[in-house]
Amino acid sequence: MTSLANVATLKLVAFLSGPAGVNANIAALQQSQNVLLPPIAAKSFFMENVSSDIAEKSVEYKYTALYIYCGKMVNALKEKFRTFSGVIQMEIDVRVSQDRLAGIDRMSQLYTDAVSQTLNQNRGDWGQGLFYSGGYEVSFGPVKHGGRNFIKSAKIILDVDASVD
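Throughout what follows, the structure given in this document is the object of discussion. (Residues numbered from 1 in each chain as written. Predicted model: local features only at pLDDT ≥ 70, side-chain atom pairs only at ≥ 80, totals over all residues. Heavy atoms only, no water.)

**Observations concerning the overall build of the protein**
Where we set the bar: By definition, any uninterrupted DSSP run of H or I lasting at least four residues is a helix, any uninterrupted run of E lasting at least two residues is a strand, and each is numbered from the N terminus. Radius of gyration: C-alpha atoms only; globule rule: 2.2 Å multiplied by the number of residues to the exponent 0.38. Partly exposed describes any residue whose relative accessible area lies between the buried limit of under 20% and the exposed limit of over 50%, with all areas from a 1.4 Å probe on protein chains only and scaled to the type maximum. The contact criterion used throughout is that any non-hydrogen atoms of two residues lie within 4.5 Å. The Shrake-Rupley method, run with a 1.4 Å probe sphere, supplies the accessible areas, and residue values consider only the shown protein chains as cover. By the counting rule applied here, Lys and Arg register as positive and Asp and Glu as negative, while His and the ends of each chain are not counted. Note that the charge is assigned to NZ on lysines, CZ on arginines, CG on aspartates and CD on glutamates.
Summing up its helical and strand segments, the protein has four helices and seven strands in all. In sequence order, the secondary structure elements of the protein are arranged as α-α-β-α-β-β-α-β-β-β-β. Rg of the C-alpha trace for the protein: 16 Å, near the compact-globule value of 15 Å for 165 residues, within the 12% margin. With the principal axes as the frame, the protein shows a C-alpha extent of 55 × 35 × 25 Å. Among the 165 residues that make up the protein, the fraction classed as buried is 43%. The contacts of the protein with a sequence gap of at least 6 include a subset with a gap of at least 24, amounting to 63%. As displayed, the protein offers around 8600 Å² of accessible surface, 52% of which is attributable to carbon and sulfur atoms. If the 16 positive side-chain charges of the protein are averaged to one point and the 15 negative ones to another, these points end up 3 Å apart.

Okay, here's the thing in structure tokens:
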């Protein structure tokens, strides 16, 4: 059933990195908020659950970055006689970095807004037995040393209902 987690991760990455994805919402936020928000590079969408200090040491790392992964699967057998019928908890880490502390909270919030808008646009049936109702939870972490000098992470957690034979 872990392949189901991979399918959900691939679909979420496709929604976020696609033409109507997070970068389209970043462009809209730039205009509405009158701020400069660089788009997220295609190579900055990762399908891994890796801490920022390890990620910076292992690959050429560019900020802003999104880490998309499955945090948990619960087979609650909502529908009897199915192989899996439950919830897949997906997680998105939004990581921003800059050389000065001033404004890093605002940048983190704006990028998180762009991701949440993309999630709102992709409610409903994702195909292959996956359904996203639209709910999510956001938690903002503290600023840490790393990246360009300071790094801030926000985590978005969403539940995707899944049913497969």
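Now that the structure has been shown, the text picks up again.
**Thoughts on the packing of aromatic side chains**
Note the following rule: Two aromatic rings from Phe, Tyr or Trp, using only the six-membered ring of Trp, form a pair when their centres are within 6.5 Å; if the ring planes differ by under 30 degrees the pair is stacked, by over 60 it is edge-to-face, and anything between is tilted.
Enumeration over the complete set of coordinates arrives at three aromatic pairs. Note on Phe15 and Trp126: the rings are 5.0 Å apart at their centroids and 65° apart in plane angle, and the pair reads as edge-to-face. Taken as a pair, Phe15 in helix 1 (residues 2-17) and Trp126 in strand 4 (residues 124-127) lie far apart in primary sequence, 111 residues in all. We classify Phe15 as partly exposed; its relative accessible area is 25%.

**A word on the nonpolar core**
Using the following cut-off: The criterion is simple. A nonpolar core is a set of buried Ala, Val, Leu, Ile, Met, Phe, Trp, Tyr and Cys residues joined through side-chain atoms within 4.5 Å.
The biggest cluster of nonpolar side chains holds 34 residues, and the ones touching the most others in it are Leu12, Leu66, Ile68, Ile92, Val115 and Leu158. Going through the elements one at a time, helix 1, helix 2 (22-33), strand 2 (65-74), strand 3 (84-98), helix 4 (104-121), strand 5 (130-140) and strand 7 (149-164) are the ones with two or more residues in this core. Among residues more than four places away in sequence, those in contact with Leu158 are Leu12, Ile88, Gln89, Met90, Ile92, Leu119, Trp126, Tyr132, Gly135 and Tyr136. With five residues, the next largest nonpolar core counts Phe46, Val50, Tyr67 and Tyr69 among its residues.

**Some words on helix 4**
Here is the rule: Here a helix's expected span is defined as the number of its residues, less one, multiplied by 1.5 Å.
Compared with an ideal rise of 1.5 Å per residue, which puts 18 residues at 26 Å, helix 4 spans 26 Å between its outermost C-alpha atoms and is within 8% of the ideal. When we look at burial in helix 4, the residues that qualify are Ile104, Ser108, Leu110, Tyr111, Thr112, Ala114, Val115, Ser116, Thr118 and Leu119.

**Details of the side chain of Ser97**
The following threshold applies: A 3.5 Å cut-off defines polar contacts: any pair of N or O atoms within that distance qualifies, except that in protein one atom must be a possible hydrogen donor and the other a possible acceptor, and neighbouring residues in sequence count only when both atoms are side-chain atoms.
Position of Ser97 among the secondary structure elements: in strand 3. Among the polar contacts listed, one links the side chain of Ser97 to the backbone oxygen of Phe150, at a separation of 2.7 Å. Setting aside anything within four residues of it in sequence, one finds Ser97 in contact with Tyr63, Ile104, Gly146, Gly147, Arg148, Asn149, Phe150 and Ile151.

**Observations regarding helix 2**
A rise of 1.5 Å per residue sets the reference length of helix 2, with its 12 residues, at 16 Å; its end C-alpha atoms lie 16 Å apart and thus fit the reference within 8%. Looking one or two residues beyond helix 2, the residue adopting positive phi is Asn34, at roughly 55°.

**Some thoughts on the packing of helix 2 against helix 4**
For any two helices packed against each other, one specifies the inter-axial angle together with the distance between the axes. In plain terms, the rule: For helices, the axis comes from a line fit to the C-alpha atoms of the stretch in contact; other axes are also lines fit to C-alpha atoms, and the angle between any two N-to-C directions lies between 0 and 180 degrees. Our angle categories are set so that under 35 degrees counts as roughly parallel, over 145 as roughly antiparallel, 65 to 115 as roughly perpendicular, and the remainder as oblique. In this scheme the crossing of two helices becomes right-handed for a clockwise turn of the near helix relative to the far one and left-handed for an anticlockwise turn of less than a right angle. Note on residue classes: Ala, Val, Leu, Ile, Met, Phe, Trp, Tyr, Cys and Pro are nonpolar, Asp, Glu, Lys and Arg are charged, and everything else, Gly too, is polar.
Two elements in contact, helix 2 and helix 4, have axes whose closest approach is 9 Å; the angle formed by their N-to-C orientations is 125°. When the axes of helix 2 and helix 4 are compared, the pair comes out oblique. Along this stretch, helix 2 crosses helix 4, giving a crossing that reads as right-handed. For the pair formed by helix 2 and helix 4, the contact residues are Val22, Asn25, Ile26, Leu29 and Gln33 on the first element and Arg106, Leu110, Tyr111, Asp113, Ala114, Val115, Gln117, Thr118 and Gln121 on the second. Its residues assigned to classes, the contact of helix 2 with helix 4 comprises seven nonpolar, five polar and two charged.

**Structural notes on the pairing of strand 4**
Here is the rule: Following DSSP output, two strands are said to pair if at least two bridges run between them.
In terms of strand pairing, strand 4 meets strand 5 through three bridges, oriented antiparallel. Residue pairing in the sheet places Asp125 in a bridge with Phe131 of strand 5. The hairpin turn running from strand 4 into strand 5, its antiparallel successor, is two residues long, and Gln128 in that turn takes a positive phi close to 55°.

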